[in-house]
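Architecture and fold: a report
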Amino acid sequence: MAGGAENDERTSEQKAIDEWLPITSSRKAKWWYSAFHNVTAMVGAGVLSLPYAMSELGWGPGVVVLILSWVITLYTLWQMVEMHEMVPGKRFDRYHELGQHAFGEKLGLYIIVPQQVVVEVGTCIVYMVTGGKSLKKFHDLTCSDCKDIRTTYFIMMFAAVHFVLSHLPNFNSISAVSLAAAVMSLVYSTIAWVASAEKGVQPNVSYAPRSTSTSGIVFDFFSALGNVAFAYAGHNVVLEIQATMPSSPEKPSKIPMWKGVVLAYIVVAVCYFPVALLGYYVFGNSVDDNILMTLQKPAWLIATANLFVFIHVIGGYQIFAIPVFDMLETVLVKKLKFKPTTMLRFVTRNLFVAITMFIGIMLPFFGGLLGFFGGFAFAPTSYYIPCIMWLRLMKPKKFSLSWCANWICIVFGVLLTIIAPIGGLREIILSAKNYRLFS
């Protein structure tokens, strides 16, 4: 059945289901919603590990990889926004729907859904850990005489917030949370680089590679690429965010959406480049995998930054969780024929929060997880799957600028996918040596 006809021939039951599902329930978003949803999705805790990634890459490759990633992912994001309504009368509201249009019903699902699930669920787990650790750091800095409390309990506190917030039905209903998160990301990024600049270049600073052995240097380099890929992971939710925009033939949704994306990318540059470059410049290869850990003083400022990270990842968790809720609820209601009820939503969403909390408590080694997930699933969905879909659907002329640009992105992205998980896996193995379950 053709896309346009299908839209008109939805039964009242299908319409009711679409109005109930989180992604398609509200199409009243303003262009600036797109800006702060995208900032919240992009500028995650990944920004705080960029100086560490720089210390593994070194000056030359580090700057090149940072700039290249910014340019490539802005280009692929533009492609996603353009393809959202490429079929007249139909909107690809979800990443996998566009995938199905490009690769076919079955293959599209098999290619996109597993990667999207890994990215979204993986991010939620990483944010559980980050939220818990930031809250613990805030507690330790503000109350140095207090009894030491295990990270586990702080992760549970972070989860408690989501047992409440996860019941907001859709993207538009979390816009206030997302706005707060976007503002926080700008503030804590600024704190990180201003505090670094204030400290000044450390005595005995060294820009030599972190590892002494050749294999160590190579593996570190691989892992750092994964960290950078993780920092540009907003593509997994971009179509879902665009689905909340109103659209008409005169004013397609891509106009307000792109306006928001451009603003978001300016904010991304303002957050990423100063943190990565100044953090590395000041501390060299002695920087931690979270720059706030390196900046111990002034204690009140670093405590505040950690609190802001905590607030930010609350919004970030929701931005990545809503598409997962949408998938779960779609399967339950459309495939398994459950009634779309509040009770169903209550059970599935609480279960998801509980599972991500449990895994976060079990595996709290942060850096390695970023490198592993970063290359494994973030690189394909952000760096080159949009290009492959563009080549298949838009069919640019061979050797034209568009054709060449897409192939460059594909080659760069495929290399990332192959080498970044290797470095990340090694870091996980090294961290796991001195690690006890549920520590």
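These numbers come from a predicted model, not from an experiment. (Residues numbered from 1 in each chain as written. Predicted model: local features only at pLDDT ≥ 70, side-chain atom pairs only at ≥ 80, totals over all residues. Heavy atoms only, no water.)

**With respect to the packing of aromatic side chains**
Under the counting rule described, the total for this entry stands at 17 aromatic pairs. Taking 5.7 Å as the distance between ring centres and 35 degrees as the angle between the ring planes, the aromatic pair formed by Tyr33 and Phe36 counts as tilted. Of the two residues, Tyr33 and Phe36 both sit in helix 3 (residues 31-42), three residues apart, roughly one turn of that helix. Judged by centre distance (6.4 Å) and plane angle (90 degrees), the rings of Phe219 and Phe222 are edge-to-face. (Phe/Tyr/Trp six-rings, centres within 6.5 Å; stacked < 30°, edge-to-face > 60°. Helix = DSSP H or I, 4+ residues; strand = E, 2+ residues; numbered from the N terminus.)

**Remarks on the nonpolar core**
In this structure, Tyr232, Tyr272, Tyr317, Tyr383 and Met389 are the most contacted members of the largest nonpolar core, which totals 118 residues. Apart from the residues lying within four places of it in its own chain, the contact partners of Met389 are Met80, Met83, Tyr95, Leu98, Gly99, Ala102, Phe103 and Met394. Counting residues in each nonpolar core, the second largest holds six residues, with Trp20, Leu332, Val333 and Leu344 among its members. (Core = buried A, V, L, I, M, F, W, Y, C linked by side-chain atoms within 4.5 Å. Buried < 20%, exposed > 50% of the residue type's maximum accessible area, 1.4 Å probe, protein only. Contact = heavy atoms within 4.5 Å.)

**Some thoughts on the layout of surface pockets**
Within this model, the second largest pocket holds a volume of roughly 230 Å³. Here the element with the most residues in the lining of the second largest pocket is helix 12 (residues 254-283); it accounts for three residues. A breakdown of the residues in the lining of the second largest pocket according to their chemical character gives seven nonpolar, two polar and three charged. (1 Å grid on protein atoms, 1.4 Å probe; cavity = no way out; pocket = protein on both sides within 12 Å on 5 of 7 lines; lining within 4 Å. Points joined across faces, edges and corners; volume = space filled by probe spheres on them. Nonpolar A, V, L, I, M, F, W, Y, C, P; charged D, E, K, R; others polar.)

**Some points on the state of the cysteines**
A full pass over the atoms with the stated rule returns one disulfide. A sulfur-sulfur distance of 1.4 Å marks the disulfide that ties Cys143 to Cys146. Between Cys143 and Cys146 the sulfur-sulfur dihedral comes to about 50 degrees; the bridge is accordingly right-handed. A residue is classified by how much of its surface remains accessible, and Cys146, at 34% relative accessible area, is partly exposed. Between Cys409, a cysteine without a disulfide, and Cys387, which holds the nearest cysteine sulfur, the sulfur-to-sulfur distance is 4.1 Å. Look at Cys409 and you get buried, because its relative accessible area is 5%. (Disulfide = S-S within 2.5 Å.)

**Here we look at the packing of helix 5 (residues 59-83) against helix 17 (residues 401-433)**
How two helices sit against one another is set out by the angle between their axes and by the gap between those axes. Two elements in contact, helix 5 and helix 17, have axes whose closest approach is 11 Å; the angle formed by their N-to-C orientations is 120 degrees. The pairing of helix 5 with helix 17 is recorded here as oblique in orientation. Regarding helix 5 and helix 17, the two cross each other, and that crossing is left-handed. Within the contact between the two elements, helix 5 uses Leu68, Ser69, Ile72, Tyr75 and Gln79 and helix 17 uses Ser402, Ala405, Asn406, Cys409 and Phe412. The residue inventory of the contact of helix 5 with helix 17, partitioned by class, reads six nonpolar, four polar and no charged. (Axes fitted to C-alpha atoms, helices over the stretch in contact; angles between N-to-C directions. Parallel < 35°, antiparallel > 145°, perpendicular 65-115°, else oblique. Left-handed = near helix turned anticlockwise from the far one by under 90°.)

**A look at the environment of Val267**
Structurally, the position occupied by Val267 is in helix 12. In this structure, Val267 is in contact with Val39 and Leu186, ignoring residues within four places of it in sequence.

**A look at empty space enclosed by the protein**
Counted under the stated rule, the structure contains one cavity of 30 Å³ or more. In this structure, the largest cavity occupies an estimated 30 Å³ of space. In this structure, the largest cavity is lined by Ile23, Arg94, His96, Gln116, Glu240, Pro323, Asp326 and Met327. Element by element, the count of residues in the lining of the largest cavity is highest for helix 14 (residues 299-335), at three residues.

**Considerations on the side chain of His312**
In this structure, His312 sits in helix 14. A distance of 2.7 Å separates the side chain of His312 from the backbone oxygen of Val43, its partner in a polar contact. His312 has contacts with Thr40, Val43, Gly44, Ala181, Ala182, Met184, Ser185 and Tyr188, leaving out every residue within four places of it along the chain. (Polar contact = N/O pair within 3.5 Å; in protein donor to acceptor, adjacent residues only side chain to side chain.)

**Section: the confidence of the model for the protein**
Should the pLDDT be low somewhere, the predicted coordinates at that spot are not to be read in detail. This prediction gives the protein a mean pLDDT of 87; 94% of its residues lie at or above 70. The least confident element of the protein is helix 1 (residues 3-8), whose mean pLDDT is 44; the most confident is helix 8 (residues 151-165), at 94. This stretch, residues 1-8, has a pLDDT under 50; its non-local contacts, to residues over four places away or in other chains, come to seven contacts. (pLDDT = per-residue confidence, 0-100.)

**What about the pattern of salt bridges?**
Within this structure, the stated rule accounts for nine salt bridges. Among the salt bridges present, the one from Glu329 reaches Arg349, with a minimum N-O distance of 2.9 Å. Taken together, the residues Glu329 in helix 14 and Arg349 in helix 15 (residues 342-362) connect sequence positions 20 residues apart. For the pair Glu329 and Arg349, a shared accessibility class is recorded, and that class is buried. When salt bridges that share partners are traced, they join Arg94, Glu97 and Asp326 into one network. (Salt bridge = Lys/Arg side-chain N within 4 Å of Asp/Glu carboxyl O.)

**Focus: unusual backbone geometry**
Of note, the phi angle at Asn204 is positive, near 60 degrees, even though the residue is not glycine. Despite not being glycine, Phe399 shows a phi value in the positive range, around 65 degrees. Positionally, Phe399 belongs in the loop between helix 16 (366-394) and helix 17.

**A closer look at the packing of helix 8 against helix 15**
Here helix 8 crosses helix 15 at 165 degrees, and the two axes come no closer than 10 Å. In terms of their interaxial angle, helix 8 and helix 15 are classed as roughly antiparallel. For helix 8 against helix 15, the interelement crossing comes out right-handed. Contact residues: Thr152, Ile155, Met156, Ala159, His162 and Phe163 in helix 8; Asn350, Val353, Ala354, Met357, Gly360 and Ile361 in helix 15. Here the residues of the contact of helix 8 with helix 15 are counted per class, giving eight nonpolar, four polar and no charged.

**Observations regarding helix 17**
For helix 17, spanning 33 residues, the distance from its first C-alpha to its last is 49 Å, which sits close to the expected 48 Å at 1.5 Å a residue. Taking the largest bend as the criterion, helix 17 deviates by roughly 25 degrees, centred on Thr417, and proline Pro421 comes between one and four positions later. (Expected span 1.5 Å × (residues − 1). Bend = angle between axes of the 7 residues up to and from the residue.)

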